[in-house]
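A closer look at the structure
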Amino acid sequence: MRYFKLLGQSKAQDSDNTLLTANNIPTEFLCHAIFAGDKFHDVEAAYGRVEGVVKTATGYCGGNIRKPSYREVSEGRTGHTEAVKITYDKRVVSYTSLCDFFWEIHDPTNKHFLNFGLSTHLRSAIFCSTEEERKQAQESKIRRQMKLNRRILTKITPFSKEINCEFFLAENQHQKYYLHKYYKLCQSLNLRSTQQFVDSYIACKFNGVLALDVELILDKLPQLSTTCLLPKQCRSTCDEIIQDLKRSLISHTS
């Protein structure tokens, strides 16, 4: 699975924010998928590195109350699951590929996931909106199971409002968790509200890169910052981050 392929725009200016909030992809090519694999911060970052994924959002799926808070969910009383909603370009990546990638980014055999009920909010699950998605997810699960010596505990679950299964956005601080650690970069991208963090293509990609180990960040961040048409302040902030990480790496190896 490749990390990402940046979607270029030919006429963006430094003051133009369209690249940061939209991808100019026709809506008929955009699809959604929902995955839960332990903590949603890491799942969001991993999918942010996938080519064809254009948006990610952390949130809470299922449960018995509307618009729960992180505290309510983490207390394990609402029945919600920490999950990630992915928006992807079906011309670039398939639902099956996203399911296959899911097994690579967490341990679906963790016995902790047997407690799939009100007792825990950290689970392994694929939420399917259609019968075709359910079929593809199940086939992917079977393929993965054949390669392992342990039982996969991931639940493949129907997702629709009709069965009282909805996705509620998590709070702002839980969106793009790794990008949030670099507040100057968030400011340079003009990201403030929860919806801005959710809608931003470049925030999705930055978050994925910044979740990596330092060596990989130093490899991927320059590529990301030079390929995208970013505001000058953002490019400058990326350069500062790169220099800080280089100094940190040298100090730890010397």
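Everything numeric here is computed off the predicted structure, so don't read it as measured data.

1. So, the pattern of salt bridges
It is possible for side chains bearing opposite charge to pair when their charged atoms get close. One pass over the structure, following the stated rule, counts 10 salt bridges. Between Asp199 and Lys55 there is a salt bridge, with its nearest N and O atoms 4.0 Å apart. Residue Asp199 is located in helix H8 (residues 194-199), and its partner Lys55 is located in strand E2 (residues 53-62); the two are separated by 144 residues in the primary sequence. A salt bridge links Asp100 to Arg143; the nearest nitrogen and oxygen atoms lie 3.0 Å apart. Here Asp100, found in helix H4 (residues 95-102), pairs with Arg143, found in helix H5 (residues 131-147); they are 43 residues apart in sequence, far enough to count as distant.

2. Some thoughts on the layout of surface pockets
Considered as a void within the structure, the largest pocket measures approximately 190 Å³ in volume. What lines the largest pocket is simply His32, Lys55, Thr56, Ala57, Lys85, Thr87, Phe167, Leu169, Gln195, Val198 and Asp199. Among the secondary structure elements, those contributing two or more residues to the lining of the largest pocket are E2, strand E3 (80-89), strand E6 (167-169) and H8. For the lining of the largest pocket, the class distribution of residues is four nonpolar, four polar and three charged. Each pocket or cavity is described by its volume, and for the second largest pocket that value is around 170 Å³. Looking at the second largest pocket, the residues that line it are Lys181, Tyr182, Tyr183, Lys184, Leu185, Thr237, Glu240, Ile241, Asp244 and Leu245. Looking at the lining of the second largest pocket element by element, the count peaks at five residues for helix H11 (residues 232-253). For the lining of the second largest pocket, a count of residues per class yields five nonpolar, one polar and four charged.

3. Let's talk about the packing of H4 against H5
Between H4 and H5, the least distance of the axes is 9 Å, while the angle of their chain directions is 40°. Of the possible angle classes, the one that applies to H4 and H5 is oblique. For H4 against H5, the interelement crossing comes out right-handed. Across the interface between the two elements, Tyr95, Thr96, Cys99 and Asp100 from H4 touch Glu133, Gln136, Ala137, Ser140 and Arg143 from H5. Partitioning the contact of H4 with H5 into residue classes produces three nonpolar, three polar and three charged.

4. Quick word on H11
A rise of 1.5 Å per residue sets the reference length of H11, with its 22 residues, at 32 Å; its end C-alpha atoms lie 32 Å apart and thus fit the reference within 8%. Restricting attention to buried positions, one finds in H11 the residues Cys234, Thr237, Cys238, Ile241, Ile242 and Leu245. Taken down its axis, H11 places every buried residue within 145° of arc, on the same side. In H11, the exposed positions angled more than 90 degrees off the buried face are occupied by Lys232, Gln233, Arg247 and Ile250.

5. What about the side chain of Thr56?
Note that Thr56 resides in strand E2. Filtering out sequence-adjacent residues up to four positions away, Thr56 remains in contact with Glu44, Tyr47, Gly48, Val84, Lys85, Lys176, Val198 and Cys204.

6. Side note on the sheet that holds E6
In spatial order, the strands read E5-E4-E1-E3-E2-E6; together these six strands make up an open sheet with mixed pairing. Taken across any chain shown, the strands that pair with only one partner, and hence form the sheet edges, are strand E5 (155-158) and E6. For this sheet, the mean angle separating the axes of adjacent strands, direction not counted, is 35°. Across six bridges, strand E1 (residues 30-37) lies against E3 in antiparallel orientation. The partner of Phe35 across the bridge, within E3, is Val84. Across the face of the sheet, helix H2 (residues 40-48) comes into contact with E1, E2 and E3 while running at roughly 160° to E2.

Thresholds applied
- Residues numbered from 1 in each chain as written.
- Predicted model: local features only at pLDDT ≥ 70, side-chain atom pairs only at ≥ 80, totals over all residues.
- Heavy atoms only, no water.
- Salt bridge = Lys/Arg side-chain N within 4 Å of Asp/Glu carboxyl O.
- Helix = DSSP H or I, 4+ residues; strand = E, 2+ residues; numbered from the N terminus.
- 1 Å grid on protein atoms, 1.4 Å probe; cavity = no way out; pocket = protein on both sides within 12 Å on 5 of 7 lines; lining within 4 Å.
- Points joined across faces, edges and corners; volume = space filled by probe spheres on them.
- Nonpolar A, V, L, I, M, F, W, Y, C, P; charged D, E, K, R; others polar.
- Axes fitted to C-alpha atoms, helices over the stretch in contact; angles between N-to-C directions.
- Parallel < 35°, antiparallel > 145°, perpendicular 65-115°, else oblique.
- Left-handed = near helix turned anticlockwise from the far one by under 90°.
- Contact = heavy atoms within 4.5 Å.
- Expected span 1.5 Å × (residues − 1).
- Buried < 20%, exposed > 50% of the residue type's maximum accessible area, 1.4 Å probe, protein only.
- Arc of directions from axis to C-beta.
- Pairing = 2+ DSSP bridges.

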